[in-house]
Amino acid sequence: MATTVERGAPPDAGTRDRPPPRKRSRRVDRTYHLFLVPVLILFSVCITLPAAMGIFYSFTDSIGFGEYEFVGLNNYLVLFSDPAILSVYGFTLGFALCTVVLVNVVALGLALGLTGRIRARVTLRTVFVLPMVVSGIIIAFVFQFVFSHTIPAAGQALGIGPLEESILADPDLAWISIVLVTAWQAMPQALLIYIAGLMTVPQDVYEAAGIDGASAWNRLRHITLPLISGFVLINVIIGFKDFLAAYEIILGLTDGGPGTATRSVTMAIFAGFEDGDYAYQMANSTVFFLITLAIALVQLRLTRGRTGG
Amino acid sequence: MISAGRGAPSPLPRFSRRAALGTMAGGALASVLAGCGSGGGGTRVSLHQSKPEAIPYFGDLLEQFNDEHRGSIHAVHDISANLSSGFARGNPPDLGCLNYNFEMLRFQERGALSDLSDLEAEANIAPEVRELVEHFPTYPGRTSVIPYSMMAAAVLYNEEIFAEHDLEIPTTYSGFIELCETLQEAGVDPVYSTYADAWTVSQGLIDYSVGGSIDVPAFMDELRDLGPEAGPDAPVSFSDTLREPLEKMLRIASFSQPGAAARNYGDGNVAFARGEAAMYLQGPWALTEIDRIDPGLPIGIFPLPMTEDPDDAGVRVHLDLALWIPEAASRPDEARELLRFLIRPEIADPYNQANLGFGVREDAPDVTDARLQDLQSYVDRAAFYQGISQALPGTIPFENYCQAIVTGQSLEAVLRTLDEDWARLARR
């Protein structure tokens, strides 16, 4: 629309000796701004503003509606001494760390295999990427059945003692099931990024290394990994950030149980909304937001100019 | 970052969030459909009612109401799952018809619900049902809610299995344990438990054993009176009061089928319907599910005896539906008109009969479902209690704690945590 206006200027304007390209190069075309504005408005109204309101309420005793009073930092002070809160953070961080390691090791291994000269490469890639298109809550319910019925039944039939009891019912082991299922769902995204990354590595360096007699391991360690380090970093950081916000897979598998063994930060926050613990969980959200923000800043800093590999 | 809370109050007290997800999807669809059907003129008044099983029933009732008030009032059915955001935006429904639980309480406690004392007389609520409302923090000088439907839960038992082993309904705790031992010796799993769904533990084993042993509202009052002084070592505490009932509960839980920790509510309904266990600690909502598998299964119900005095036995009840009108309702007069319509005996009684609920009026007729008739005498003489799981704010993960207790965590440690959580909340 902006360009139409500009072009619609009086005809005599064009008679001046001012070449339009130069004019454009000095000023950013207004079209860019027009593209930006709707997104900016949406983002501010739907994300920034509610977030700011949330932070505001974290300094009050609001229950989500009606009157409230300011309580200063009280919510935050109680938060840091609340064992229930500390334990959900402990679980969430540990879970995110384990999952990020598992996802990246498996995805990188698969990516190496799937970029090699193997048969049915495209079919296999499709198969491995499939979990990505299934919704998390459905995956969780399917695996909930597998863990509580299929695997114990198989364990009994085959006489494998440790498998006879459902892993979901064991407070010490239930987290493993969550790591496995989350990793299964998250792996395709990391896989795709790794495949893309591996494709950026020029073939001639491998040829040169082959001439020098480098073993496969040395080629991986000294050529591939350094050249795709940017992709590793992206996968690790994006993955970690996503896993911190884990919700629906845990909900479907264990619902935070047995007991409170697998309650995540997001589940604690959500429980606060349900029963009017609004301001307190807003303080929790704010802390959680700051943690995620810190990770995002680290990511931005580390990946600046490195994403090209 | 900000997402509003769940709303789907369901037939069960504090139903799982999983159910809420499903309800939301269904609700969205149904609201679209409901919108298509509206056409009558008149002042628009909204009824918020989202108990999933009762949505079609209330849809029909509203149609009847609209026919009676053609041209003057037009009622619309609001079944969206989220209530909190309506109140937060100052745009709540005109009339609510919901499970009376902690989600409702905060609206009641802070005076967001208008006074209905004049309509209460018309509703003719039985005093002992009225009292159930008062067991929770109310807004002084106001009748904030009018009970509509009460559900009673106890021990479901398979009459065939009982007859086969020549067993009688136990009326004492020791009798109950003996019965379980007899069944176990005969190779029958006495109780079917579903620990994987935490709410089934709190609703059944925990609420029945605590409600059958202590006076829950009195205990909660004492705790509230302690204020910030509460804690594991205070004169009144969960650690002290709940310990004995819960030790007895663990004895009962030990008669559950093997592998209970990995079984959920759905598994339990199927297994009980197939006669895999003699007893099942669930409410009437499970009867509907069991009917789908074996409609002919002879089921009886009895309250879990927790003492040696048969007169102590009672059933766990909750107000499955209660009516309220927000202070901020945009059409309070029309909402009251709709409320008056709903509490008419010829409307309310058939609803309760059809939905396995007990009427709340002083002159409400007896329940007609043959299985629930076993509980009628307990309801008639008010031998009932509200579950302790209903008395705790959701910010304390009580259901999870209950699950921890039955899956092997130390009872003492869990009760201590519960006391500390309560005290922390009181200090805030």
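Residues numbered from 1 in each chain as written. Chains lettered and ligands numbered in written order. Predicted model: local features only at pLDDT ≥ 70, side-chain atom pairs only at ≥ 80, totals over all residues.

1. Description of the overall build of chain B
Phase 1: Broken down by element type, chain B carries 19 helices and ten strands.
Phase 2: Its C-alpha radius of gyration of 22 Å places chain B within 12% of the 22 Å reference for a compact globule of 428 residues.
Phase 3: Counting only C-alpha atoms, chain B reaches 70 × 55 × 45 Å along its principal axes.
Phase 4: Taken across its 428 residues, chain B has 53% of its residues classed as buried.
Phase 5: Long-range contacts, defined here as pairs at least 24 residues apart, represent 82% of the contacts in chain B between residues at least 6 apart. (Helix = DSSP H or I, 4+ residues; strand = E, 2+ residues; numbered from the N terminus. Rg over C-alpha atoms; globule rule 2.2 N^0.38 Å. Buried ≥ 20, exposed ≤ 12 C-beta atoms within 10 Å, placed from the backbone. Contact = placed C-beta atoms within 7 Å.)

2. A few points about the overall build of chain A
Phase 1: For chain A, the count of helices and strands is 15 helices and zero strands.
Phase 2: The buried share among the 309 residues of chain A stands at 31%.
Phase 3: Sequence separation of 24 or more characterises 73% of the internal contacts of chain A that already satisfy a separation of 6 or more.

3. Quick look at the domain arrangement of chain B
Residue and element names in this part refer to chain B.
Phase 1: Each assigned domain of chain B is listed here: domain 1 (17-152 + 317-389) and domain 2 (155-313 + 392-427).
Phase 2: Look at where the C-alpha atoms of domain 1 and domain 2 centre, and you get two points 28 Å apart.
Phase 3: When contributions to the side of domain 1 that touches domain 2 are tallied by element, the ones reaching two or more residues are helix 17 (373-380) and strand 10 (384-386).
Phase 4: Ranked by residues supplied to the side of domain 1 that touches domain 2, first place goes to helix 17 with three residues.
Phase 5: Looking at side-chain class alone, the side of domain 1 that touches domain 2 contains nine nonpolar, four polar and two charged residues. (Domains from an automatic or database assignment. Nonpolar A, V, L, I, M, F, W, Y, C, P; charged D, E, K, R; others polar.)

4. With respect to the environment of Gln184(B)
Residues and elements named next belong to chain B.
Phase 1: Within the element layout of this structure, glutamine 184 appears in helix 8 (residues 173-185).
Phase 2: Along the primary structure glutamine 184 and aspartate 118 are separated by 66 residues, whereas in three dimensions their C-alpha atoms are 55 Å apart.
Phase 3: With near-sequence residues (within four places) excluded, glutamine 184 lies in contact with Pro190 and Phe255.

5. Some thoughts on the environment of Glu103(B)
Phase 1: With respect to the secondary-structure elements, Glu103(B) resides in helix 4 (residues 102-109).
Phase 2: Taking C-alpha positions, Glu103(B) is 22 Å from Val210(B), a pair spaced 107 residues apart along the chain.

6. With respect to the environment of Ala140(A)
All names here are of chain A.
Phase 1: Turning to its location among the elements, alanine 140 is positioned in helix 7 (residues 136-158).
Phase 2: For alanine 140 and isoleucine 249, which are 109 residues apart along the polypeptide, the C-alpha to C-alpha distance reads 4.9 Å.
Phase 3: Here alanine 140 is in contact with Val181, Glu248, Ile249, Leu251, Gly252 and Leu253, once residues within four sequence places are set aside.

7. Examining helix 5 (residues 83-115) of chain A
All names here are of chain A.
Phase 1: Compared with the 48 Å implied by 1.5 Å per residue over 33 residues, the 47 Å span of helix 5 between its first and last C-alpha is a close match.
Phase 2: Along helix 5, the residues classified as buried are Val88, Phe91, Thr92, Phe95, Ala96, Thr99, Val100, Val103, Asn104, Ala107, Leu108 and Ala111.
Phase 3: Structurally, helix 5 contributes buried residues whose contacts are with helix 9 (174-200), helix 12 (229-244) and helix 14 (265-274). (Expected span 1.5 Å × (residues − 1).)

8. Details of the pairing of strand 9 (residues 315-324) of chain B
Residue and element names in this part refer to chain B.
Phase 1: With respect to burial, strand 9 is a largely interior element, ten of its ten residues being buried.
Phase 2: As defined by bridge partners, strand 3 (residues 95-98) adjoins strand 9 across three bridges and the pair is classed as antiparallel. Bridge pairing in strand 9 places glycine 96 opposite tryptophan 324.
Phase 3: Pairing analysis gives seven bridges linking strand 4 (residues 146-153) to strand 9, with the strands arranged antiparallel. If you follow serine 149 over to strand 9, its bridge partner there is leucine 321.
Phase 4: As defined by bridge partners, strand 9 adjoins strand 10 across three bridges and the pair is classed as parallel. What sits directly across from arginine 316, in strand 10, is tyrosine 385. (Pairing = 2+ DSSP bridges.)

9. Concerning the sheet that holds strand 5 (residues 155-158) of chain B
Residue and element names in this part refer to chain B.
Phase 1: Pairing is mixed in the open sheet, where four strands are placed in the order 6-7-5-8. Each of the sheet's edge strands pairs with one partner strand only, and the pair in question is strand 6 (189-192) and strand 8 (299-302). Looking at each pair of strands side by side, their axes are set apart by 30° on average, direction ignored.
Phase 2: As paired strands, strand 5 and strand 8 are joined by four bridges and run antiparallel to one another. From the neighbouring strand, tyrosine 157 faces strand 8, where its bridge partner is glycine 300. (Axes fitted to C-alpha atoms, helices over the stretch in contact; angles between N-to-C directions.)

10. What about the nonpolar core?
The nonpolar side chains of a soluble globular protein tend to be buried with one another.
Phase 1: Residues Ala152(B), Ala322(B) and Leu323(B) are the most contacted members of the largest nonpolar core, which totals 181 residues.
Phase 2: Counting residues per element, this core draws most heavily on helix 9 of chain A, which supplies twelve residues.
Phase 3: Two domains each put at least three residues into this core: domain 1 (17-152 + 317-389) and domain 2 (155-313 + 392-427) of chain B.
Phase 4: Setting aside residues up to four positions removed in sequence, Ala322(B) forms contacts with Leu98(B), Tyr100(B), Val145(B), Ile146(B), Pro147(B) and Tyr148(B). (Core = buried A, V, L, I, M, F, W, Y, C linked by C-beta atoms within 7 Å.)

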